Amino acid sequence: MEIAIISGKGGTGKSSISAAFATLQKEVVLADCDVDAANLFLLFNPVCEEEQVVISGQKAVIDYDKCIACGECIDYCRFDAIVEENNRVKIIETFCDGCLLCSRICPQEAIDIVDEDKSRIYAGSFKNGRMVYGRLAPGEENTGKIVSKVRDKAKQIAKESGIKDIIIDGPPGIGCSAISSITGVDAVVVVTEPTLSGLHDLKRTLEITSGFKLLTSVIINKYDINEEMSSKIEEYCAQKNIEVVGKYPFDPLVVEAMVNCQSITDFAPDAEISKLIKNSYLKFS
Amino acid sequence: MTKPMKIAIASGKGGTGKTFISTNLYNLLQKKGLNVALVDCDAEEPNARLFLTEGILKSSREVNQKVPVIDESKCTYCGKCAEYCNYNAIFFLKEPKIVNVLEEICHGCGACSVACSYGAITEKDDLLGHVSNFEFSNKSALIESRTRVGVYSSVNVLKAAIKEASGFDLVLFDAPPGIGCPFIQTVAQADYVVLVTEPTPYGLSDLKQSIETLKGMDKPYGVIVNRAGLGNDVVYDYLKKENIPLLMSIPFDKNIAVSYSKGELLTDQDSKWKEKFSELFNKVKEEYGNSNN
């Protein structure tokens, strides 16, 4: 079974809950798909066994020995990434989308294409099984692609080692990397918090998961920060026919567990919050 | 005319308090009568409007992208469009003859139109999202970028919102989380970046990645530590060691969390917080001055 934990809004507790879910299992493949801000490797300190290069995209580079500054590429570029400066044509790297059109139309063949190859994915072992995580290199941009590579690797490992469950810690937002994290999974858990922003972002996230017809449930984390808002979220979920599989209180122990590099369920197995997380997880097994 | 000052409020890790900081800062400066715009660049999950409810909707416009339409009566199934597409957004088979545009992964670069020698490709508009302008006074506005749910990339929508804010003396960007394209496209247009983090190992790890990215872009930055008192000292040690300015520290306080949950602004409630955010603005101005001029 492949379960993805996402949230829409950041900082609601996705990683803490993913870590707890992963350590409630004897053997699991844990896929950290929040490649912009991968954190679970900090917690579990996996022994790295494999490193894979990801070509996250391509960029255009001008060969000034050939460029005659005709400026034709400027007219074709739709990303405003090519400008003329002091009679020289210049590519603004951060705006270049890597479409390659400039290199195709350049009459002097003066534009080269280079791979962006500094992003990596890693696979390793931790105490509850195997772990795959990605690292987006600073300045490289295609997170959706790295997420799919992380998931492919996790599936491959699960298959080869006969591990049945994959847990995906997803990114915030509802863009390409969030979508790549959930397509085709068996279940999605959306972690939210009882704030106006939490509810707003939850609604948009549920629109995405229902669009993909994914089995979706909700966890309300820190519900006691605003119980009225929690009730509103529960009402909204009931209306949408989505099960709320957990309501956890705010507990500073969760941060303490993180500082001690442990999941909350390992750090304080008898705490109320750990029991509640276990109950939620049981609903998936 | 003096150059406008553009400040991005960003963080690698989500949920550290970007929107909390940017909405309070904007609220304070707007009420002081400054010529200021806040651009909500988190187009996937824009939240600033939930806190800044006083603005009046002045305009809302669509942001579109061009996507190709293939006229199969003119198409010769040569496959050159699929070859030119670097995003694999054109699915092509020579036998049996199939050519399909996968609109959701198209970046609208126009390469396929250039590739086609048979005039079989025209373009239509595909809705990516909206930019809405909420006016607070004749000198201040919240400009919100919001993607249509299901759109893969928020970049064009947030760029359109940033463009709409040109003309203000001071522009604040509430940046999207992470270090991927939406973040980069936002901070690329800022002169100074305020990174918000929390004092935990996760916060530190994500902060380091953001800083590495900003260094590569040659952008000056400072740090705000939110929820101080939770977690440990790793972030403070790092800031000290690297000589990175700590712009502000906000203690963890359940009352702040509760008031945030209701969509309230601290700078409307408490003169102490008004002062703290004023101090923050002065500090940012000072750092901005040191780094830009």
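If you're wondering where the values come from, they're calculated on a predicted model, not measured in any experiment.

A. A look at the overall build of chain A. Looking only at helices and strands, chain A features eleven helices and 13 strands. For the C-alpha atoms alone, the extent of chain A along its principal axes is close to 70 × 40 × 35 Å. For chain A, buried positions account for 54% of its 285 residues. If you take every contact in chain A between residues at least 6 apart in sequence, the share linking residues at least 24 apart comes to 74%.

B. Main features of the overall build of chain B. Helix and strand counts for chain B come out as eleven helices and eleven strands. Across the 293 residues of chain B, 51% fall into the buried class. In chain B, once contacts between residues fewer than 6 apart in sequence are set aside, the share between residues at least 24 apart is 74%.

C. Structural context of unusual backbone geometry. All names here are of chain B. A cis amide bond links Glu-95 to the next residue, Pro-96, at an omega of -10 degrees. Its place among the elements puts Pro-96 in the loop between β4 (90-93) and β5 (98-101). A positive phi is found at Tyr-77, a non-glycine position, where the angle reads about 55 degrees. Locating Tyr-77 in the fold gives a position in the loop between β3 (56-70) and α3 (80-84).

D. Region of the structure containing the domain arrangement of chain A. According to the domain assignment, chain A contains domain 1 (2-55 + 128-282) and domain 2 (58-116). Inter-centroid distance (C-alpha atoms) of domain 1 of chain A to domain 2 of chain A is 40 Å.

E. Geometry of the sheet that holds strand β10 (residues 221-228) of chain B. Residues and elements named next belong to chain B. Taken in spatial order, the nine strands make up an open sheet running β3-β6-β7-β2-β8-β1-β9-β10-β11, and their pairing is mixed. Looking at which strands have only one partner, the edges of the open sheet turn out to be β3 and β11 (246-251). Between one strand axis and the next, the sheet turns through 20 degrees on average, direction left out of account. Relative to strand β8 (residues 170-174), strand β1 (residues 5-10) is paired through five bridges, and the arrangement is parallel. When the sheet's bridge partners are listed, Ala-8 is paired in β8 with Phe-173. Contacts from helix α7 (residues 201-217) reach β1, β9 (192-197) and β10 within the one sheet, and its direction differs from that of β9 by about 165 degrees.

F. Region of the structure containing the interface of chain B and chain A. Contacts between chain B and chain A engage 50 residues on the former and 51 residues on the latter. At the level of elements, α4 (111-115), α6 (181-187), α7 and α9 (254-261) of chain B are the ones that each hand at least two residues to the side of chain B that touches chain A. The element contributing the most residues to the side of chain B that touches chain A is α7 of chain B, with nine residues. Counted by class, the side of chain B that touches chain A contains 20 nonpolar, 24 polar and six charged residues.

G. Layout of the pairing of strand β1 (residues 2-6) of chain A. All names here are of chain A. Judged by how many residues are buried, β1 sits mostly within the fold: five of five residues are covered. Of the two faces of β1, the one lined by Glu-2, Ala-4 and Ile-6 and the one lined by Ile-3 and Ile-5 are each fully buried. Pairing of β1 with strand β10 (residues 166-169), which is carried by four bridges, proceeds in the parallel orientation. Each residue of the ladder has a partner; that of Ile-5, found in β10, is Asp-169.

H. Quick look at the domain arrangement of chain B. Partitioning chain B into domains gives domain 1 (5-55 + 128-292) and domain 2 (66-126). Here the C-alpha centroids of domain 1 of chain B and domain 2 of chain B sit 40 Å apart.

I. Highlighting the confidence of the model for chain B. Chain-level statistics for chain B give a pLDDT mean of 96 and a share of 99% at 70 or above. Confidence metrics for the complex model read pTM 0.94 and ipTM 0.93.

J. Quick look at the sheet that holds strand β9 (residues 129-135) of chain A. All names here are of chain A. In spatial order, the strands read β3-β8-β9-β2-β10-β1-β11-β12-β13; together these nine strands make up an open sheet with mixed pairing. Two strands in the sheet have a free side with no partner beyond their single neighbour: β3 (47-54) and β13 (243-247). Each neighbouring strand pair of the sheet contributes to a mean axis angle of 20 degrees, computed without reference to strand direction. Pairing of strand β2 (residues 28-32) with β9 involves five bridges; the strand directions are parallel. Bridge pairing in β9 places Ala-31 opposite Val-132. Relative to the sheet, helix α11 (residues 272-282) contacts β12 (216-220) and β13, its axis offset from that of β13 by approximately 155 degrees.

K. Here's a closer look at the pairing of β11 of chain B. Residue and element names in this part refer to chain B. For β10 and β11, the ladder comprises five bridges, and the chain directions are parallel. In the sheet register, Val-223 faces β11, and the bridge partner there is Leu-246. The parallel pair β10 and β11, bridged by helix α8 (residues 234-242), forms a crossover whose chirality is right-handed.

L. View of α7 of chain B. All names here are of chain B. With 17 residues, α7 extends 25 Å from end C-alpha to end C-alpha; this agrees with the ideal 24 Å at 1.5 Å per step. Where α7 is concerned, the buried positions are Tyr-202, Gly-203, Leu-204, Asp-206, Leu-207, Gln-209, Ser-210, Ile-211, Thr-213 and Leu-214. After α7 finishes, the residue Asp-218 shows a positive phi value of roughly 65 degrees.

M. Examining the environment of Gly-17 of chain B more closely. Residues and elements named next belong to chain B. Mapping Gly-17 onto the fold places it in the loop between β1 and α1 (18-31). Each C-alpha atom of the pair Gly-17 and Glu-72 lies 51 Å from the other, and the pair is 55 residues apart in sequence. Gly-17 has contacts with Val-196 and Asn-226, leaving out every residue within four places of it along the chain.

Each value, and the rule that gives it
- Numbering of residues begins from 1 in every chain and follows the order in which that chain's sequence is written.
- For this description, chains carry letters from A and ligands carry numbers from 1, given in the order in which they are written.
- Per-residue local features of the predicted model are confined to residues with pLDDT of at least 70, and side-chain atom pairs are confined, for both listing and counting, to 80 or more; whole-chain, interface and lining totals are unaffected and use all residues.
- Counting from the N terminus, the helices are DSSP H or I runs at least four residues long and the strands are E runs at least two residues long.
- Counting other C-beta atoms within 10 Å of a residue's own tells you its class, since 20 or more makes it buried, 12 or fewer makes it exposed, and anything in between is partly exposed; those C-beta atoms are placed from the backbone.
- Here, residues touch in the contact sense if the C-beta positions derived from the backbone fall within 7 Å of one another.
- Boundaries of every domain are those given by an automatic assignment or by a domain database.
- In short, DSSP must find at least two bridges between two strands for them to pair.
- The angle between two axes is taken between their N-to-C directions and runs from 0 to 180 degrees, where each axis is a line fitted to C-alpha atoms and a helix contributes only its stretch in contact.
- Only Asp, Glu, Lys and Arg are considered charged, only Ala, Val, Leu, Ile, Met, Phe, Trp, Tyr, Cys and Pro nonpolar, and every remaining residue, Gly among them, polar.
- Confidence of the predictor at the level of single residues is given by pLDDT, which spans 0 to 100.
- The definition of a right-handed crossover adopted here requires that, viewed with the strands pointing away, the path from the first strand over the helix to the second runs clockwise.
- Here, expected helix span is obtained from the residue count minus one, scaled by 1.5 Å.

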